[in-house]
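Chains, contacts and geometry: an overview
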Amino acid sequence: AAAMAALLGPAGRFRWRVRAVPGGARGAAGLRGAQLGKKVAVVDYVEPSPRGTRWGLGGTCVNVGCIPKKLMHQAALLGGMIHDASHYGWKVAQPLHDWGKMAEAVQNHVKSLNWGHRVQLQDRKVKYFNFKASFVNPHMVCGVSKGGEETLLSADHIVIATGGRPRYPTHIEGALEYGITSDDIFWLKESPGKTLVVGASYVALECAGFLTGLGLDTTVMIRSVPLRAFDQQMASLVTEHMAVHGTRILRGCTPLRVERLSDGRLQVTWVDLASDKKDTGTFDTVLWAVGRVPETRGLNLEKAGVRTNPNTQKILVDAQEATSVPHIYAIGDVAEGRPELTPTAIMAGRLLAQRLCSRSSDLMDYDNVPTTVFTPLEYGCVGLSEEEAVARHGEERVEVYHAYYKPLEFVVPERDASQCYIKMVCLREPPQLVLGLHFLGPNAGEVTQGFALGIKCGASYQHVMRTVGIHPTCAEEVAKLRISKRSGLDPTVTGCG
Amino acid sequence: RGVSVPRSPPGRRARLSTPGTSRLSSAAREELRRRLLGLIEGHRVVIFSKSYCPHSARVKELFSSLGVDCNILELDQVDDGASVQEVLSEITNQRTVPSIFVNKVHVGGCDRTFQAHQSGVLQKLLQEDPACDYDLIVIGGGSGGLSCAQEAAALGRRVMVLDLVVPSPQGTSWGLGGTCVNVGCIPKKLMHQAALLGQALTDSRKFGWECSQQVKHNWETMTEAIQKHVGSLNRSYQRALREKAVAYVNSYGEFVEHHKIKATDGNGQETYYTAAKFVIATGERPRYLGIQGDKEYCITSDDLFSLPYCPGATLVVGASPVALECAGFLAGLGLEVTVMVSSQLLQGFDQEMAEKVASSMQQLGVRFLRKFVPVEVQQLEKGSPGKLKVVAKSTEGTEMIEGLYNTVLLAIGRDSCTKKIGLEKIGVKVNEKTGKIPVNDVEQSSVPYVYAVGDVVEGQPELMPIAVQAGRLLARRLFGGCLEKVYHTLFWPLEWTVACRDSNTCYAKIICSKFDNDRVIGFHVLGPKAGEITQGFAAAMKCGLTKQLLDDTIGIHPTCAQVFTTLEITKSSGLDATQKGC
């Protein structure tokens, strides 16, 4: 008398609830799942990484993504603040950093979150199975426990939310044997030492950023352009800032092989794609951040008839998040064409549950999803990049307002603010609807969130200009954007106020 | 404003100063004549004088007693004085000095000027001139005043800013930029940041940073760094005014009569200026308790940010955001801080949030004394800081308490700086209770040409960005230029109707300046005989044609031109401007 199942990988902080089928359980599902007489199960199993790292309930974000990433970013920012503090009158010697202590604190927090998720599932009467699941037929899933024991689960509705895992460039000799990924970096007990980060994704830049901030010798190797899907002017300011602040950046290079030297260090050979010249370097750690692969291969999707994109392996979904099989849904990173972001997965999951429970018919709106890249200088954005806006509306119909600014916190410690920059992409025609906002500076996530709401509400340039600033903040600079790119005026800092 | 001296170009000077009678070439004579006429026409009062002449001195005294700003040319002190006198006599038929011009009218010499004064003709001549020294004088160089001044200057107006900071009772003074920059938001946030960094230092240990255990804070290092930044802001404000050609005068402004202000500088030197419009942006200064010892021994936010020594154990009196912010960062810097509150915390804010703010501060070690007011402050010991005894009384009973502190910081509110600027002389109404200036929704005071922005305005939030925005918008409304309104329509010329030509080709459009009475600043017509139509309107625009005047004009029927008398659709309305039916 198996219950029904939702397949779940990274759950975020949301509890997936799926309408139950069998036995006596009839009827409309409720938001509170089992509380309303619905039976909901979550099946989650973490395949250890090639380095053997494993973790608990909560998915990528909690265990090997946003949460530990931001904490380590914060650790790096604190290093900068300690440096600043002496300018503000604090007498403090320049400190050293102890990786082990940080990692333990971060990991303890993650474990407390794992526990919290378990308790929440219990409170909501959601059955949790630590199984590795695969489809048997469109309504049945087979779960295999750690011990190899098999359990069959069937359900009216099945939600696939297995997410993705880091890609290993297996064509590179030694990549799998000696390299690590973001699945491992946050769980290292010892400092990674001198590190080579390979990749141009935000994961690559964020990791390289905090490693540099913690005082480690860090190199990023980028094959072509950094932060490809983002506004490219912003992306180049991000990397410029990192380069100025000590991260070595190798552009246009790709690794050929990784070898272990007799002293245990790793020798990486790479080629400069422009000159075809080869070069080598010695590192303690090589971190691959070259993209992620969706976790769809082990699911036996063909047995359920769920179709995937053969190129990306992602599951094809419609606006209702339904797959090619109407009662099977996919949300989060595993679904084709969705932003790989925790809050979108959470919201999509919540809305899906409400629809399944007939509580609402609202669809997830994937437009204007705000996000922030936590590089040492943070980059927050919402809406269209300048390139995308020009591609959609034509250069003549787009007006870009921009400014360089100096955060007040930077002046006393005389920190360099030459990459602190804001741009707002608008339609040119009055009232100049805001299409996108790009913010580079401290606390970019906090700044961008509110403006994301504004853009959702259809904010125009005029609305923003009529908004009174909060003084003195960095966010108020957005309300002071008066120079358009078209005017050709100098957007650098001139005086104050 | 010094005396304008018509100087000769260096090349010509040698020739002009040849000894004996001048032998001016006709070209040089014409050139000098033009310069003198320019001088006479460009100024309200011009006196051609000689520095040793007693008659000239009498005339100068007369104008000075009238409070009139004069332009004086001392002929004996310029190279080409003899030539000037020669050309002047050609203009006036008067060979002697002084020679006085008021509003382009030659009054005559000393005697005639005094006669004119006695008969009242001189006063009339002086009054006649509507041309003031400036289009706009802004009193107060804070956020609101500066933004208004700069915007007005950018719109091409002659603008002056008067700003002089009266030192606080403790003697603290500062430069251009007002409260926000000098003794408000900016230094406040920087000290807040210093306190946050202290917290970050504590946090950083948990994040693996190994610091030396004992971290101490040095007040002097911090204030020095902050004052350095504030100083750079003062300079950048001055630079910005210079670049925008705003006259900045470091003097205290006080109205003496309508359209006229007395500016007194730090040395007591007085100068008078006139302007068509005035903006009062004098802001506020911290209030004192009015108890024994408060002005002698207490400090306010005016003093705290540049205090040359660490304040030590501090009593903050007040419940305003200023009080709590100061108490917060002082505690964060490791000082012993007590906050004395007479009634509600953060009045006007959500009270649940206010109480939560207070309890978070208590966790930081701030002590709160609720429902007490100080009644006396005594100095026990001098020093930096000294030692003060504060006696306080309960607001609910008769209980009295005493406390010893190094510093007492008053943050009990702020008073508008409207008392000593001569507002009563020109009849600007001030709310007697609050000292604030009531304004209508275009920032206009009870005197039509006097406006107010910033904290000095009644019923407005005391926030710097509001002052900036209000100042900028005020300047735009006063001097227009930036914001236009576009009226347009498609029209169908009568002669095209029968011919069945397209009814939506011909187009009429005017552009009006929103803040200048809807003055028409652009005129466009596409259609038959466009040249003939446009000419007349071009002339009307020269005469200051407004939308209202266009609307009041009777159309000539049936013509194309009449369409301009019935324009109703603005472009921003998005309404359909095409022709439908007849």
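What counts and how
Residues numbered from 1 in each chain as written. Chains lettered and ligands numbered in written order. Predicted model: local features only at pLDDT ≥ 70, side-chain atom pairs only at ≥ 80, totals over all residues. Heavy atoms only, no water. Salt bridge = Lys/Arg side-chain N within 4 Å of Asp/Glu carboxyl O. Helix = DSSP H or I, 4+ residues; strand = E, 2+ residues; numbered from the N terminus. Buried < 20%, exposed > 50% of the residue type's maximum accessible area, 1.4 Å probe, protein only. Contact = heavy atoms within 4.5 Å. Buried area = accessible area lost by both parts, 1.4 Å probe. Polar contact = N/O pair within 3.5 Å; in protein donor to acceptor, adjacent residues only side chain to side chain. Nonpolar A, V, L, I, M, F, W, Y, C, P; charged D, E, K, R; others polar. UniProt positions renumbered as here; feature names shortened; annotations may be inferred. Pairing = 2+ DSSP bridges. Right-handed = clockwise from strand over helix to strand, strands pointing away.

1. Observations regarding the pattern of salt bridges
All names here are of chain B.
- In the structure shown here, the tally under the stated rule is 37 salt bridges over all chains.
- Between D80 and R35 there is a salt bridge whose closest N-O contact spans 3.9 Å. Here D80, found in the loop between β2 (71–74) and α4 (81–92), pairs with R35, found in helix α2 (residues 26–42); they are 45 residues apart in sequence, far enough to count as distant. Taken as a pair, D80 and R35 share a single burial class, namely buried.

2. Regarding the side chain of Q150 of chain B
- In this fold, Q150 of chain B is placed in helix α7 (residues 143–154).
- Contact partners of Q150 of chain B, with chain neighbours within four places excluded, come to A240, L241, K244 and V246 of chain B.

3. Considerations on the interface of chain A and chain B
- Contact residues are listed per partner, giving 44 residues for chain A and 45 residues for chain B.
- When chain A packs against chain B, the two sides together hide about 3700 Å² of surface, and 68% of this comes from carbon and sulfur.
- The largest contributions to the chain A side of the interface with chain B come from Y88, W90 and H471 of chain A, which together make up 20% of the buried area.
- At the boundary of chain A and chain B, one finds one salt bridge.
- At the junction of chain A and chain B, the tally comes to eleven residue pairs in polar contact (both at pLDDT 80 or more).
- Those elements giving two or more residues to the side of chain A that touches chain B turn out to be α2 (66–87), β3 (90–91), β4 (96–97), α3 (99–123) and α11 (408–411) of chain A.
- By residue class, the composition of the side of chain A that touches chain B is 23 nonpolar, twelve polar and nine charged.

4. Topic: the UniProt feature "binding site: FAD" (unreviewed entry) in chain A
Residues and elements named next belong to chain A.
- In the numbering used here, UniProt assigns the "binding site: FAD" (unreviewed entry) feature to K70 and D333.
- Mapped onto the elements of the fold, D333 is located in the loop between β20 (328–330) and α9 (342–356).
- Looking at D333, the relative accessible area reads 17%, which means it is buried.
- If near-sequence neighbours (up to four positions away) are discounted, D333 is found in contact with G163, G164, K314, P339, E340 and L341.

5. Concerning the pairing of strand β1 (residues 45–49) of chain B
All names here are of chain B.
- Burial analysis of β1 places five of its five residues in the buried class, the great majority of the element.
- Two elements, β1 and strand β3 (residues 99–102), share four bridges in a ladder whose sense is antiparallel. Looking at the pairing, F48 lines up with S99 of β3.
- Two strands pair when backbone bridges link them, and β1 and β2 are joined in this way by four bridges, in the parallel orientation. Residue pairing in the sheet places V46 in a bridge with N71 of β2.
- You can see the chain leave β1, run along helix α3 (residues 54–65) and come back into β2, and the turn it takes is right-handed.

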